[in-house]
Amino acid sequence: MTVTASTSDARSRPVQIWLVVWACALAAVLAVFLLQDRLAWAVNYPAGAIVPVADWVSALMNLIKSNFSWLTRSITAALGVPLDFALNLLAKNFKIGRGADMIILPRLSWVGVCIAAFLAGRAAGGWKLGALVGGCFLYIALFGQWTSAMLTLGLISIAVPFCIVTGLFVGIWAWRKPWAERLLISPALDLMQTIPTFAYLIPMLLLFGNSPVSAMIATAIFATPPMVRATMLGLSRVPSEIDDFSEMAGCTARQKLWRVLLPSARPALMVGVNQVIMLALNMVIIASMIGAGGLGYDVLLALRALKVGEAMEAGLAIVALAIALDRLSQAIARNHAQGHVYQMVSPSFWRRYPNLTLAIAILAVTTLLGLFVPAFAAVPKAITFTTAPMWKTAVSWITINFFDTIEAFRVALILNVLNPVRAFCEGFPWLGAVFLLGLAGYQLGGLRLAALVAALTVFCAVTGLWEKTMATVYLCGISAFIACLIGIPIGLMASRSDRVEKVVTPIIDTLQVLPSFCFIIPVVMLFRVGDVTAMIATIAFAVVPAIRYTNHGLRQVPPALIEAAKVSGCTKRQTFLRVQLPLALPEIMLGVNQTILMALAMIIICAMVGTRDLGQEVFIALSKADSGRGIVAGLAIAFIGIVADRLFNAWTAKARARLG
Amino acid sequence: MADTTDQVPQAAGTPKDARPIKLACYNVWKLFGANAANFIRQRGGAATMAEVAAAGLVGAVRAVDLEIRQGEIFIIMGLSGSGKSTLVRCMSRLVEPTHGKVEFEGKDLLKISDAALIELRRHRMGMVFQNFALLPHLNVLENIAFPLGIQGQDRPTREKRAREVIELVGLRGREHFYPRELSGGQQQRVGIARSLATKPEIWFLDEPFSALDPLIRREMQDELMRLQTMLHKTIVFITHDFDEAIRLADRIAIMKDGEVIQIGTPEELVVNPATDYVAEFTRDVDRAKVISARSLMRACDGTEHGGVVAPDAKISTFSASIVSAGKPFAVVNGSGKPIGEVTPQAVIDLLAGIERPGASA
């Protein structure tokens, strides 16, 4: 008894010290807040002291633009060649020559592409997957989205190989040179993944103009990080014995990498490829703002004109494309992980690749047929149907019958929740925030973390973006909070019942592959533009990790421990509160962290539906092609994400260390 | 009795001394930690365990001297963490020793160029791993042919050789299976075949059977003995299993905390354990299978003999007949001349585990 008492004393003392420290800190910040008439400089960052970082960045970008236009132009030209080929092949037809003697070579026939998609699905995952993938393509064709969808697909098909090759080489380099990984690659990857998608578009727009090429470059940059990470992870997880074996077999360094290590790491690499494809799809949609065209552009136009029906249709086509690409690439990754089934090596191409040959033959035949039968070249109007009027009617019906209810809900939410929180956040003294976050950083991760967190927060203030930063924090915070309130209980239920899990898993899997754009459309239909719409769309987008990690964390508590708890006479409630929850908490917090980051990414995109935060700042900068303003706002957003991420990770690491 | 025990190391050692030294370690050290190389150089290649620990270093291999002769099965035995795996990696330069000399056929292995090392590993060294280390994306045939492909051999040549070794290890019919489709024992047969494909002279086996079930392990040990009678490789075999060591070894080096504490034939270790630690291992060994007539014999005292045995015959091979005969057996050398005798009582004592003063050392 004395032993436990003394250890608990030793444990609780530092906690009590921190309690006192936090009480003092909060009191100090409160004092600043109350004395804001005298200490105005500590509450609102003085306008005179704003550092014009945005102007500097603009000047730099202009310098690059005017001095390196030869470079950007040749890059555009070089990348334009394969891109045009892909777009022509899938969507636009080849036009050779000009005027009267122009020869038009047709694009691939939609019938052929649908059948090829079916064959690819069947080869990778059997009849079921074939039907799903072929069905998704057929859906796109029948709903009249074919050309747009193929434009999107063409961009992806060029951007993805580029991402994979680049990611592979950068990953290999980072794996070979630990210093490069620590000093260069890891921070760059963190930044690349937290900078909002919008912010990528601005410099691309400036350097490469409003064209599919700049959209493709933006996509390539955005979608590469997971491949780098997958390469690093895969290579570091190759068993050391396999490494030793390659040495003992007398491999040169190159043989070792290409013939032993990379093939052994293939399962991890294929996971990276899947993520690259999904991120590329997400980005191509957003990059429609700088000329990518395709489905994203359709959504954008429809949203701007508030044509919800059309937006919904294009959005659903994106969903179909996303599901087809995701399931197909996952099935291929799984097949690779299992290795191939033995086949006799036979000399003829047809025997070796029966599906590929069949697909090529069908594409060729249907495309040729398209020259004579128009129904093969373009989807005939007669068999397409549109659901736009249906959606429109549905929305009108809801608006007519439920307008009062929805409006009352909306107004109540704004008046009672959103506005007070917003006022509190925007009035929060910037110096106090720097101080409190720094203190949290010090408690969780020592001096270095404290310095990092404080410096990033200071950046948001000195660039004059403090108010907008806090507006972002407020909306993101509320959305993430509600997402957790919804997601954690669902995860809890899923962890307790296999039936619930079976229902929940496919839903969150699907939610996860949808490009962020798609979440806005149905919400806008009901709640029109504004903070409420942004919040609801963000919650729907960000709820997935909260569910997934909670479920996973609780399920991976070792059964032996739960049995031990039962044997020592715990009730169900005690078992949960004293055994399962503490053990699963680090994992759950990881989910909360992910939820916050996803909410942040989504809030920025919600600038399209009229929020007044950093996202709007980037959005305005984009429409004005003001690179400095956009990049600085983008960095501020990234820094919010990095501060949250580092604090949560430090906390989780501490909790993990305590649990051993 | 003193004369008989003195004979043991000599007698067991003599025939092997004629064989050339294939691989040798001289004062090999592997220390982990900052400035480990300076630390050991400044001390002239000698340091106690306490000194190593005080410098904040971890001594994985300390002051190891050993010589491995051509064609022998040399076993390095130690519990986990004793440094045996690190030592074998120092011998093949998978791990760079911190200090000391590793000689391969008299040449300093640590001084040769990278290109020469690659050449050496491609043609003269082979290694088998505890967890098989098969490449998951290649089938059995491709895995076995892989080291030959690395050397640049064309496909027909290397597949022909691969089929030969597949035959040798009894895997015919499984050429096109993938590693995950095979049982552990079969996977290790692939590992063995792969390491033999290049016809290595020295063969490193790093706990090759430790990941296998006891029954399979025994089967694989027999398989190894069968292969060795055909191939006569120089084998360096790592194990933590003393029974396995006794079964297979010509000589055993016992390691503890990075040091080799005794090198000898199984019989020498059983009869003359250098420390209590070694004695602890040998206690449960079936002595009749390890100890030979030579260790048990005494000078003839003129009684009638019930039979003859060779000096190297293990007691277990004649224990039943000597006990039923009830008379001492004469121990005769190659030319048929008696050099001593073994009494039934000595054999019974040995079988019963009774130690009589002077009966054995």
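These numbers come from a predicted model, not from an experiment.

Chemist: Please explain the overall build of chain A as it appears in this structure.
Modeler: In terms of regular secondary structure, chain A is built from 28 helices and two strands. For chain A, whose C-alpha radius of gyration is 27 Å, the value lies close to the compact-globule estimate of 26 Å for 660 residues. Its C-alpha atoms give chain A principal-axis dimensions of roughly 85 × 60 × 60 Å. When the 660 residues of chain A are sorted by exposure, 45% land in the buried category.

Chemist: Hey, could you run me through the sheet that holds strand β1 (residues 21–32) of chain B in this one?
Modeler: Two modes of strand pairing occur in sheets, parallel and antiparallel, and in both the strands are linked by backbone hydrogen bonds. Residues and elements named next belong to chain B. Spatial ordering of the open sheet is given by β2-β1-β4-β5, a layout of four strands whose pairing is antiparallel. The sheet is open, and its two borders are formed by β2 (58–69) and β5 (107–108), each paired with just one other strand. In terms of strand pairing, β1 meets strand β4 (residues 99–104) through five bridges, oriented antiparallel. Residue pairing across strands places Trp 29 opposite His 99, the latter belonging to β4.

Chemist: Sorry if this is basic, but what is going on with the domain arrangement of chain B here?
Modeler: By a frequent convention, interface size equals the accessible area lost on bringing the separate parts together. All names here are of chain B. Along its sequence, chain B is carved into domain 1 (69–94 + 111–124 + 200–285) and domain 2 (288–352). Distance from the C-alpha centre of domain 1 to the C-alpha centre of domain 2: 31 Å. Counting residues at the interface gives six residues for domain 1 and four residues for domain 2. In terms of residue count, helix α11 (residues 266–271) provides more of the side of domain 1 that touches domain 2 than any other element does, four residues in total. Looking at the side of domain 1 that touches domain 2 residue by residue, the classes come out as five nonpolar, no polar and one charged.

Chemist: Would you mind going over helix α11 (residues 240–248) of chain A with me for this structure?
Modeler: Residue pairs spaced three or four apart in an α-helix point in one direction, given the helix's 3.6 residues per turn. Listed as buried for α11(A) are Ile242(A), Asp244(A), Phe245(A), Ser246(A) and Met248(A). Elements that come into contact with the buried residues of α11(A) comprise α12 (253–264) of chain A together with α5 (114–123) and β6 (125–128) of chain B.

Chemist: When you look at the environment of Lys256(B) in this model, what are you seeing that I'm missing?
Modeler: Structurally, Lys256(B) is set in strand β9 (residues 251–256). Leaving out residues up to four positions away in the same chain, Lys256(B) has contacts with Gly78(B), Ser82(B), Ile261(B) and Tyr277(B).

Chemist: What exactly am I supposed to notice about the interface of chain B and chain A here?
Modeler: Taken together, the contact pairs 21 residues of chain B with 18 residues of chain A. Counting only elements with at least two residues in the side of chain B that touches chain A, the list comes to α5, β6 and α6 (140–151) of chain B. Take the side of chain B that touches chain A: its biggest share by element is four residues, from α6(B).

Chemist: Where do I start with the nonpolar core in this structure?
Modeler: Nonpolar side chains in soluble globular proteins tend to be buried together. Counting residues in hydrophobic clusters, the biggest one holds 301 residues, and the most contacted among them are Leu201(A), Ala280(A) and Leu321(A). When residues in this core are grouped by element, the largest group, 18 residues, is from helix α5 (residues 110–142) of chain A. For this core, the domains that each give at least three residues are domain 1 (69–94 + 111–124 + 200–285) and domain 2 (288–352) of chain B.

Chemist: Honestly, the sheet that holds strand β8 (residues 234–239) of chain B in this entry has me stumped. Any pointers?
Modeler: Residue and element names in this part refer to chain B. Pairing is mixed in the open sheet, where six strands are placed in the order β6-β7-β8-β3-β9-β10. A single partner strand is all that each edge strand has here, and the edge strands are β6 and β10 (259–264). With strand direction ignored, the average angle separating the axes of adjacent strands in the sheet is 15°. Two elements, strand β7 (residues 202–206) and β8, share five bridges in a ladder whose sense is parallel.

Chemist: Can you help me understand the pairing of strand β13 (residues 338–342) of chain B in this one?
Modeler: Remark: a regular strand shows side chains that alternate across the two faces of the sheet. All names here are of chain B. As paired strands, strand β12 (residues 329–332) and β13 are joined by four bridges and run antiparallel to one another. Residue Phe 329 lies in a different strand from β13, and its bridge partner there is Val 342. What sits between β12 and β13 in their antiparallel hairpin is a turn of five residues, with Gly 336 showing a positive phi close to 85°.

Chemist: Just checking my understanding: could you explain the confidence of the model for chain A for this structure?
Modeler: Interpreting fine coordinate detail is not advised for predicted regions of low pLDDT. For chain A, the average pLDDT comes to 83, and 94% of its residues sit at 70 or higher. The low-confidence segment residues 1–10 of chain A (pLDDT under 50) makes zero contacts with residues lying over four places distant or belonging to another chain.

What counts and how
Residues numbered from 1 in each chain as written. Chains lettered and ligands numbered in written order. Predicted model: local features only at pLDDT ≥ 70, side-chain atom pairs only at ≥ 80, totals over all residues. Helix = DSSP H or I, 4+ residues; strand = E, 2+ residues; numbered from the N terminus. Rg over C-alpha atoms; globule rule 2.2 N^0.38 Å. Buried ≥ 20, exposed ≤ 12 C-beta atoms within 10 Å, placed from the backbone. Pairing = 2+ DSSP bridges. Domains from an automatic or database assignment. Contact = placed C-beta atoms within 7 Å. Nonpolar A, V, L, I, M, F, W, Y, C, P; charged D, E, K, R; others polar. Core = buried A, V, L, I, M, F, W, Y, C linked by C-beta atoms within 7 Å. Axes fitted to C-alpha atoms, helices over the stretch in contact; angles between N-to-C directions. pLDDT = per-residue confidence, 0-100.

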